[in-house]
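Breakdown of the fold
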Amino acid sequence: MILDLDIGNTLSKWRLKDADSSEIRSRGAVWTREEWKPGSDIPDLDVVEAVRISSVARQAVLEQTVRLLQSRVRGVHVARSVPEALGVVNGYEEPHRLGVDRWMGVLAGYQLAGGCCAVDCGSAITIDFVLPGGRHLGGYILPGLRLMKESLKLGTRNVAIDPDSEAEELLLPGKRTVEAVNHGIYLAAVSAVNRIYAEVCDREGVALPMLLTGGDARVVARGVHSPHAVWPDMVYGGLEACFPLTAAERAGRMSGAPRVPAPAGLEKIRAGLAFSMLL
Ligand SMILES: Nc1ncnc2c1ncn2[C@@H]1O[C@H](COP(=O)(O)OP(=O)(O)O)[C@@H](O)[C@H]1O
Ligand SMILES: CC(C)(COP(=O)(O)O)[C@@H](O)C(=O)NCCC(=O)O
Ligand SMILES: [K+]
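A short tour of the structure in this document, coming up.

Criteria and thresholds
Residues numbered from 1 in each chain as written. Chains lettered and ligands numbered in written order. Predicted model: local features only at pLDDT ≥ 70, side-chain atom pairs only at ≥ 80, totals over all residues. Heavy atoms only, no water. Near = heavy atom within 4 Å. Polar contact = N/O pair within 3.5 Å; in protein donor to acceptor, adjacent residues only side chain to side chain. Areas by Shrake-Rupley, 256 points an atom, 1.4 Å probe, with all protein chains shown as cover. Pairing = 2+ DSSP bridges. Helix = DSSP H or I, 4+ residues; strand = E, 2+ residues; numbered from the N terminus. Axes fitted to C-alpha atoms, helices over the stretch in contact; angles between N-to-C directions.

1. Digging into the site of ligand 1
What surrounds ligand 1 is a group of 13 residues, the closest being Thr10, Leu11, Lys13, Ser123 and Asp216. Here lysine 13 contributes a side-chain N or O atom positioned 2.8 Å from an oxygen atom of ligand 1. Here an oxygen atom of ligand 1 and a side-chain polar atom of aspartate 216 are 2.8 Å apart. When isolated, ligand 1 has an accessible area of 560 Å², and the protein chains bury 72% of it.

2. Remarks on the sheet that holds strand 11 (residues 210-213)
With mixed pairing, the five strands of this open sheet are ordered in space as 10-9-8-11-12. The open sheet has two free edges, formed respectively by strand 10 (136-143) and strand 12 (228-230), since each of these has just one partner strand. With direction set aside, neighbouring strand axes in the sheet form an average angle of 15°. Alignment of strand 8 (residues 116-121) against strand 9 (residues 124-130), held across six bridges, turns out to be antiparallel. From the neighbouring strand, alanine 118 faces strand 9, where its bridge partner is aspartate 128.

3. Description of the site of ligand 2
Surrounding ligand 2, one finds 14 residues, the nearest of these being Asn9, Tyr92, Asp101, Arg102 and Ala124. One nitrogen or oxygen atom from the side chain of asparagine 9 is found 2.9 Å from an oxygen atom belonging to ligand 2. For ligand 2, whose unbound accessible area comes to 460 Å², protein coverage reaches 77%. Broken down by secondary-structure element, the contributors of at least two residues to the shell around ligand 2 are helix 2 (100-113) and strand 9.

See below:
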């Protein structure tokens, strides 16, 4: 079995993948800041022959995790943000400073769709752009839904936005604190994603497919105007592309990859942008 780890600032996600069939056998998540109890929290390492890790947690957490795993598993692969990989040129002045989860998402998005806009809705919402030629432009970082909620200290931290709630009702003024907070942070997030997407496509003169991932991707995707697809395993897709271990991965096929959304025409994006500038 292959154990894939996506260690974020809030949640450390894992999944077990069958090395022969490429099927996902199990998956789970533990709070990154809490002690991991082997067994219930993470899978039995006896069945694991290789581990692939994307981590944005503190270096000490990563080193501790790698040490534990290396004592039990033959192949441990740690993803790093590098100047260039798989046809993508890292747009950061200091490439190693780009969050590894962002780099994994960009690599997976480029392998699937070529140029794309990769949105990761986690502790932070990150929005990255890579052009059809493989040039990563860099990106944007804004607080995630949970962080925005916590920063308000209005006791609404544990009232999540229902991903299946009517998108329209999230546009209405809140009639009680939790609605006012949820509608406010939802609109802050989706307005930023829509505007940033339109501005970059307009400036670069290219309409890019948008791929969303992260724990809040389904909520944010409801308010995204442009054609898009949610790919929960997009960060894992970057691990598969960087460290292909199964036949399917070596053929460039990534688990759970969605059909690539055909972007709206550039003129339509520009018209929408012009209209939003009028308001
Ligand atoms: N099971 C869950 N437990 C906690 N938060 C969750 C869960 N599922 C989705 N979420 C939402 O997803 C966010 C964490 O998403 P994730 O992409 O895992 O963050 P990160 O990668 O920054 O750790 C939380 O802030 C919360 O809004
Ligand atoms: C921006 C992030 C905190 C997002 O991490 P996440 O929300 O997935 O926990 C992470 O990508 C990160 O630590 N980046 C390093 C700084 C940068 O990307 O510029
Ligand atoms: K994330």
